[in-house]
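Summary of the model geometry
The primary structure of each chain is shown beneath.
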Amino acid sequence: MTSGVFSAISDRGSGVFIAILVAAALLIPASNLLLPPDSALHVPTHLVSLLGKYLCYAMLAVALDLVWGYCGILSLGHGAFFALGGYAMGMYLMRQIGPRGVYANPILPDFMVFLNWKELPWFWQGFDMFPFALLMVLVVPSLLAFVFGWLAFRSRVTGVYLSIITQAMTYALLLAFFRNDMGFGGNNGLTDFKDILGFNLQADGTRMTLFALTALGLVLCYWISRVLVTSTFGKVLIAIRDAESRTRFIGYRVEHYKLVAFTVSAAMAGLAGALYVPQVGIINPSEFAPGNSIEAVIWVAVGGRGTLIGAALGALIVNFLKTTFTTGALAPYWLFMLGGLFIATTLFLPKGVVGGARAFWEKRKTTKAAAETAPAAE
Amino acid sequence: MTRFLRALLVVGLCLGALPGLAQDAFETGLQRLAQDSFGETTTAISEIATSGAPNAALVIEALADGRLFFTADKQIYVKKPTGEFIDARTGAALAAEPTGGSAVRLNNRVRNVVQGALGNLGILSSDPVKRKEAALAVLRSKDATALPALETAIKQEKDRAILRTLETARAAIFVTKPDASDADRLAAIGALREVGNQDALATLRGLPTSVSAPVAEAAKAAIGGIESRLALWEVVQTAWYGLSLGSVLLLAAIGLAITFGVMGVINMAHGEMVMIGAYTTFVVQEVIRARFPGLFDYSLVFALPLAFLTAGLVGLIIERTVIRFLYGRPLETLLATWGVSLILQQAVRTYFGPTNQAVGAPAFMSGLIEVGGLSITLGRLWIIVFAFLAFLALLGALRYTSFGLQIRAVTQNRRMAANMGIRTNYIDALTFALGSGIAGVAGVALSQIDNVSPNLGQSYIIDSFMVVVFGGVGNLWGTLVSALSLGIANKILEPFAGAVLGKILILVGLILFVQKKPRGLFPQKGRGVEA
C-alpha cells in the first residue's frame with residue numbers, strides 16, 4: 001500500500017493532473033475575486049460555476065471508473081449515489097433557509113408547509129447540523145451501495161445482469177423521489193437555497209470557495225482511487241476484471257474486493273453530488289433518471305476506461321461539448337451528437353481518448369526502441 | 001337538438017307496429033293536451049310518457065320546447081325545428097300549417113313534470129343505447145314517478161342486460177320508497193341480491209331506517225352476500241387487469257427476448273423499435289384518413305406488416321453498421337445501442353415534433369363488454385389476444401421453420417453451425433431484424449393504449465429488461481411466464497401500495513430475486529452457458 005501512496009504522487013501523469021487541479025483551485029478564484037472585471041485574465045463568476053459543475057461530473061466519472069475500469073462492474077446506477085449525496089446536502093441547505101421561506105416557517109421547508117405537514121419527518125432530523133449532513137453525504141450512498149453490492153456480489157450477479165439491476169435501482173429511486181409523500185419535495189425537489197454555513201450562496205466569495213473545494217475534492221477522489229488501484233488491492237481488482245473465476249479460484253474473496261470498491265466509489269459519487277447541489281442551486285428526482293447514469297458511463301468511455309485521468313477528462317470534454325451545443329442554434333441536434341459519440345467511442349475508440357493516446361505512445365516507443373536496437377545487432 | 005333528431009329518427013323507424021292498448025293512453029293524453037289547462041296537461045304528460053307509444057318522445061320533446069300546437073278542432077301537431085309540421089297522432093307530415101293553431105302552454109310546474117317525463121321516457125326509446133342510459137338514470141334517481149313507465153318498459157324489453165338494469169331500477173325504487181309494503185320490499189331486496197353489483201349494494205345501504213325487522217334482516221343478509229360476491233369478482237377483475245398489463249409487457253419484451261436472450265445483445269434501442277412501430281401506425285392512419293377514409297377500420301391491418309418491415313429494416317441497418325462489430329462484448333453493445341436510441345428518438349422528434357400524435361382506434365376495438373362483475377374493454381382484450389398470437393407465431397417460427405432452426409443452431413454453437421454451412425453473419429443480421437420487427441409490431445398494439453410520442457420506447461425499456469431478466473435469458477416460455485406474473489403482481493400490489501409504490505416494490509423484489517436466481521426463473525442449462 002505504501003508504495004502505492006508514493007507512486008500515486010511520483011507518477012508523472014498524476015503529478016501533472018494534481019498540479020493543474022490545485023493551480024486551478026487557487027488561480028481561478030483569485031482571478032475572479034482579485035482582478036477587475038474588465039481585465040483580460042478575469043474569469044467571470046458564471047464560468048467558474050460552470051467549471052465547478054464539470055469538476056463534480058469529473059468526480060462522478062472517476063468514481064465510476066474505479067468500479068468499471070478497474071473492477072469490471074458496469075454500474076448504470078451511479079447517478080443514484082450522486083443524487084443521494086446531493087439530496088443529503090440539499091436537506092442541509094433547506095434547513096438553513098429557516099424562516100426566510102415563502103411560508104416563513106422556521107422548522108418546516110416550504111413544500112412541507114404546502115403539503116400541510118405538521119412536523120419534521122424523522123429522516124430530516126439532524127440535517128440542520130453541517131457535520132451530520134456531511135456525514136450523511138458519505139454514509140447514505142455508501143450504505144445503499146454496501147447493501148446492494150452485498151446482495152448482488154454475494155450471489156454472483158455479474159456483467160449485463162448487474163448493469164440492468166443497477167439501472168432498475170436508480171429507476172426505483174426515481175419513482176420514489178417523484179412522490180410528494182416521500183418528504184423530499186416531490187418532482188420540484190429541493191431548491192431556493194440561501195446560504196451554506198452562514199455564507200450567502202450567491203456571493204462570489206462563497207462560489208469561489210465552493211469551486212476551490214470541488215477542485216480539491218476531485219484531487220482527493222483521484223488520489224484515493226489512484227492509491228487503491230496501484231496497490232495490491234488494485235491488482236486484485238484488475239485480476240477480477242480480467243478473469244473473475246480464476247481470481248476466485250486462486251483464493252481471493254472476489255465479492256469482498258468488489259464490495260469495497262463499489263462502496264468507496266459510491267461515497268465519492270455522493271461527495272460529488274453534495275458539491276454539485278450548492279453550485280447549481282437545485283436537486284430534483286430527474287438526477288435519478290437512468291439516462292443520467294448512462295451518460296456518466298459515456299464520459300468514462302470517451303476519456304478512456306481504466307485510466308482515472310481519462311475518466312475525468314472525458315467528463316470535461318463531453319460536458320464542454322454539451323454546453324457548447326445546447327446553448328447555440330444546434331441545440332436540437334445535441335442528442336444526435338451524444339448518440340453519435342456513444343457509437344463512435346465504442347466502435348472506434350474502445351480505449352477512449354487517453355487510453356488510445358497511451359497505446360499510440362507505447363507503440364511508438366517500442367518501434368523506436370526496435371529501430372535503435374536493430375542496427376546495433378548488426 | 002341532436003337528442004331531438006335522434007328521437008325523431010327513432011319515431012320514424014318504428015312507425016310500423018303500434019300496440020293498440022298503448023295507443024289508447026296516448027290518444028287520451030293528446031286530447032287532454034288540447035284542453036289548454038295546466039292541470040290537464042300535467043296528467044296528459046304522464047299518460048303519454050307511460051303509454052309506450054312511438055310518438056310519445058316526439059310529443060313530449062316538442063312540448064318541452066314549446067313546439068307543440070293544437071287547433072280548435074282538437075288537432076295536435078308538432079312544428080319541427082326545421083320548420084316542417086307533422087301530425088302528433090300519426091307522425092305524418094302536413095302539407096301546410098293548420099289554421100288557428102296555438103302552442104300548448106307551459107308553466108314551471110308543467111316544465112318540471114316534462115323534464116321528469118323526458119328522463120323516464122328514454123327507457124321506452126327504441127334506441128338501445130338511449131334506453132340503457134335512461135335505465136341507469138332511473139336507477140340513480142330512484143324516482144318513484146318513473147314506476148309506470150318502468151313497468152311498461154320491463155314488459156317489452158328484449159335486451160337482457162337492459163332488462164336487468166330496469167329490474168334493478170324497479171327494485172331500487174321499491175326499496176327506497178317510503179310507503180312500499182314489506183312484501184314489495186322483500187321482493188325488491190331479493191331482486192337486488194340477485195343483481196349483486198355496486199349499484200345494488202349502494203341502494204341496499206340506502207334503505208330507510210324505519211323499515212320492519214324482517215326487511216332489515218333480509219337487507220343485511222343481502223348486503224353481506226353481495227359484498228362477498230363483489231370481493232370475488234374483484235379478484236377476477238384484478239387478475240384480468242394483471243393479464244392485460246402482462247400481455248403489454250409480453251409484447252414489449254418479446255422482441256428483446258430474441259435480441260438479448262438469443263443473441264446476447266443488449267439492445268437499449270429496443271424501445272425505439274417499439275416507437276417506430278407506433279409511428280408507422282400513425283403514418284398509415286394519416287394516409288388512410290387523407291386518401292381512403294373508408295378503410296380506416298382496417299388501418300391496423302395495413303400497419304402491422306408495415307411496422308414489422310420498417311422496424312425490421314431499421315434493426316437490420318443497426319446490426320450491419322454497429323452491432324456486428326461488437327458481438328461478444330455485451331457491455332459495449334449496451335453503450336452503442338443507447339447511442340442509437342438517442343439518435344432515433346431525436347430523429348423522430350425532429351421529424352414528427354415532440355408532442356403526442358393522435359392514433360385512432362378502429363370500431364371493433366372500442367367499447368366495453370361486461371361478463372358478470374367483470375368489465376372488459378375491447379381494446380385491451382384485443383391486445384391480449386394479439387400478444388398471445390405474436391408469442392405463438394414467434395415460437396412457431398423458431399421451432400418449425402428452417403430459419404428458426406438456423407437461429408437455434410447459431411445460438412447453441414456458433415462455430416459448429418458455421419462448419420455445417422450456416423452463414424452465421426447472415427443469421428445474426430436476420431435474427432436482429434426479426435427481434436426489431438416484432439418490437440415494431442408491439443408498437444402497433446401499444447399505439448392503441450399509450451401516447452405515441454418520441455418517449456414511448458423509453459417508458460417500456462426498463463420493464464422489458466425486467467421481464468427478460470426475470471424470465472431467464474434465452475427462453476421464450478420464461479418470458480411469457482415472467483411477463484404475466486409481473487403484470488399480475490403489479491396489479492395486486494396497486495390497491496395497497498398505489499401505482500408508483502407498487503412498481504417500486506416490484507423493482508426491489510426483482511433486485512432481490514436476481515440475488516437468488518441470477519439467471520432468471522428458467523435458466524439456460526448446458527454447455528452454451530457462460531461459466
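Since the structure is predicted, the reported quantities are computational estimates derived from the model, not experimental observations. (Residues numbered from 1 in each chain as written. Chains lettered and ligands numbered in written order. Predicted model: local features only at pLDDT ≥ 70, side-chain atom pairs only at ≥ 80, totals over all residues. Heavy atoms only, no water.)

**Describing the overall build of chain A**
- The helix and strand inventory of chain A stands at 15 helices and 4 strands.
- Projecting the C-alpha coordinates of chain A onto the three principal axes gives extents of approximately 90 × 60 × 45 Å.
- With an accessible surface of roughly 16600 Å², chain A has 68% of that area assigned to carbon and sulfur atoms.
- Both charge centroids of chain A, one from 25 positive and one from 18 negative side chains, sit 8 Å from each other. (Helix = DSSP H or I, 4+ residues; strand = E, 2+ residues; numbered from the N terminus. Areas by Shrake-Rupley, 256 points an atom, 1.4 Å probe, with all protein chains shown as cover. Lys, Arg positive; Asp, Glu negative; His and termini not counted. Charge placed at Lys NZ, Arg CZ, Asp CG, Glu CD.)

**Looking at the overall build of chain B**
- Looking only at helices and strands, chain B has 21 helices and 7 strands in total.
- On C-alpha atoms alone, chain B measures out to a radius of gyration of 32 Å, which is more than a quarter above the 24 Å that the 2.2 N^0.38 rule sets for 531 residues.
- When burial is assessed residue by residue, chain B has 49% of its 531 residues classed as buried.
- A fraction of 69% describes how many contacts in chain B between residues 6 or more apart in sequence connect residues 24 or more apart.
- Here chain B has roughly 24300 Å² of accessible surface; of this, 61% comes from carbon and sulfur atoms.
- The centroid of the 46 positive side-chain charges in chain B is displaced by 11 Å from the centroid of its 37 negative side-chain charges. (Rg over C-alpha atoms; globule rule 2.2 N^0.38 Å. Buried < 20%, exposed > 50% of the residue type's maximum accessible area, 1.4 Å probe, protein only. Contact = heavy atoms within 4.5 Å.)

**Remarks on the sheet that holds strand S5 (residues 102–103) of chain B**
Residue and element names in this part refer to chain B.
- The strand order S4-S3-S2-S1-S5 describes an open sheet built from 5 strands, whose pairing is antiparallel. Edge positions in the sheet fall to strand S4 (93–94) and S5, since each of these pairs with one other strand and no more.
- Pairing of strand S2 (residues 76–79) with strand S3 (residues 85–87) involves 3 bridges; the strand directions are antiparallel. If you follow Tyr77 over to S3, its bridge partner there is Asp87.
- The strands that helix H4 (residues 56–65) touches are strand S1 (68–70), S2 and S3; relative to S1, the one it contacts most, it runs at about 95 degrees. (Pairing = 2+ DSSP bridges. Axes fitted to C-alpha atoms, helices over the stretch in contact; angles between N-to-C directions.)

**Remarks on the interface of chain B and chain A**
- Each partner contributes to the interface: chain B provides 40 residues, whereas chain A provides 40 residues.
- Summed over both partners, the interface of chain B with chain A comes to about 3600 Å²; 80% of that surface belongs to carbon and sulfur atoms.
- Counting the surface chain B buries against chain A, the share from its top three residues, B:Leu331, B:Leu335 and B:Gln515, is 18%.
- Taken together, chain B and chain A are joined by 0 salt bridges.
- The interface formed by chain B and chain A contains 1 residue pair in polar contact (both at pLDDT 80 or more). (Buried area = accessible area lost by both parts, 1.4 Å probe. Salt bridge = Lys/Arg side-chain N within 4 Å of Asp/Glu carboxyl O. Polar contact = N/O pair within 3.5 Å; in protein donor to acceptor, adjacent residues only side chain to side chain.)

**A closer look at the pairing of strand S6 (residues 368–371) of chain B**
Residue and element names in this part refer to chain B.
- Note: S6 against strand S7 (residues 374–377), 4 bridges, orientation antiparallel. By the bridge assignment, Leu368 is partnered in S7 with Thr377.
- Counting the residues in the hairpin turn of S6 and S7 gives 2 residues, including Gly372, whose phi is positive at 60 degrees.

**A word on the side chain of A:Ser293**
Residue and element names in this part refer to chain A.
- On the secondary structure map, Ser293 appears in helix H12 (residues 290–303).
- Polar contacts involving the side chain of Ser293 include one to the main-chain amide nitrogen of Gly79, which spans 3.0 Å.
- Every residue in contact with Ser293, bar those within four places of it in the chain, is listed here: Leu76, Gly77, His78, Gly79, Ala80 and Thr170.

**Brief notes about the pattern of salt bridges**
- Enumeration over the complete set of coordinates arrives at 14 salt bridges over all chains.
- Across the salt bridge formed by A:Arg241 and A:Asp242, the nearest N and O atoms sit 3.1 Å from each other.
- As a salt-bridge pair, B:Lys503 and B:Asp463 come within 3.3 Å of each other at their nearest N and O atoms. Within this pair, whereas B:Lys503 is found in helix H21 (residues 499–516), its partner B:Asp463 is found in helix H19 (residues 458–471), the two being separated by 40 residues in sequence.
- Judged by relative accessible area, B:Asp463 falls into the buried class, the value being 16%.
- Residues joined in a network through salt bridges with shared partners are A:Glu244, A:Arg248 and A:Lys258.

**Remarks on the packing of helix H3 (residues 45–71) of chain A against H12(A)**
Residue and element names in this part refer to chain A.
- One way to put it is that H3 packs onto H12 with a least axis distance of 9 Å and a crossing angle of 75 degrees. Taken together, the axes of H3 and H12 are roughly perpendicular relative to one another. Facing Tyr57, Leu60, Ala61, Leu64, Asp65 and Trp68 of H3, the residues of H12 in contact are Ala296, Val297, Trp299, Val300 and Ala301.
- Here the contact of H3 with H12 is built from residues that sort into 10 nonpolar, no polar and 1 charged. (Parallel < 35°, antiparallel > 145°, perpendicular 65-115°, else oblique. Nonpolar A, V, L, I, M, F, W, Y, C, P; charged D, E, K, R; others polar.)

**Points about helix H16 (residues 402–412) of chain B**
Residues and elements named next belong to chain B.
- Taken together, the buried positions of H16 are Gly404, Ile407 and Val410. Looking straight down H16, one finds its buried side chains confined to an arc of 125 degrees; they lie on one side. Structural note: H16 exposes Ser402, Leu405 and Gln412 on the side pointing more than 90 degrees away from its buried face.
- In this fold, the buried residues of H16 make contact with helix H11 (213–262), helix H15 (378–400), helix H17 (414–419) and helix H18 (424–446). (Arc of directions from axis to C-beta.)

**Quick look at the packing of aromatic side chains**
- For the coordinates displayed, the defined rule picks out 35 aromatic pairs over all chains.
- Where A:Tyr87 meets A:Phe184, the ring centres are 5.8 Å apart and the plane angle is 75 degrees; that geometry is what we call edge-to-face. Taken together, the positions of A:Tyr87 in helix H4 (residues 78–97) and A:Phe184 in the loop between helix H7 (159–178) and strand S1 (190–191) put the pair 97 residues apart, joining distant regions of the chain.
- One aromatic cluster is present, built from ring pairs that chain together A:Tyr87, A:Phe111, A:Trp122, A:Phe123, A:Trp124, A:Phe177, A:Phe184 and A:Phe288.
- Stacked on the ring of A:Trp150, the Lys or Arg A:Arg154 has its end atom at 4.6 Å from the ring centre.
- Here the basic side chain of B:Arg414 rests over the ring of B:Tyr327, its NZ or CZ set 5.8 Å away from the ring centre. (Phe/Tyr/Trp six-rings, centres within 6.5 Å; stacked < 30°, edge-to-face > 60°. Lys NZ or Arg CZ within 6 Å of the ring centre and 35° of its normal.)

**Thoughts on the domain arrangement of chain B**
- As assigned here, chain B comprises domain 1 (21–106), domain 2 (110–211) and domain 3 (238–516).
- Using C-alpha coordinates to define each centre, domain 2 of chain B is positioned 47 Å away from domain 3 of chain B. (Domains from an automatic or database assignment.)

**Quick look at the state of the cysteines**
Residues and elements named next belong to chain A.
- Throughout the structure, instances matching the rule amount to 0 disulfides over all chains.
- There is no disulfide at Cys71, and the cysteine sulfur nearest it, in Cys221, is 18 Å away.
- Residue Cys71 is classed as buried on the basis of its relative accessible area, which comes to 2%.
- The structure places no disulfide on Cys221, whose sulfur is separated from the nearest cysteine sulfur, that of Cys56, by 10 Å. (Disulfide = S-S within 2.5 Å.)

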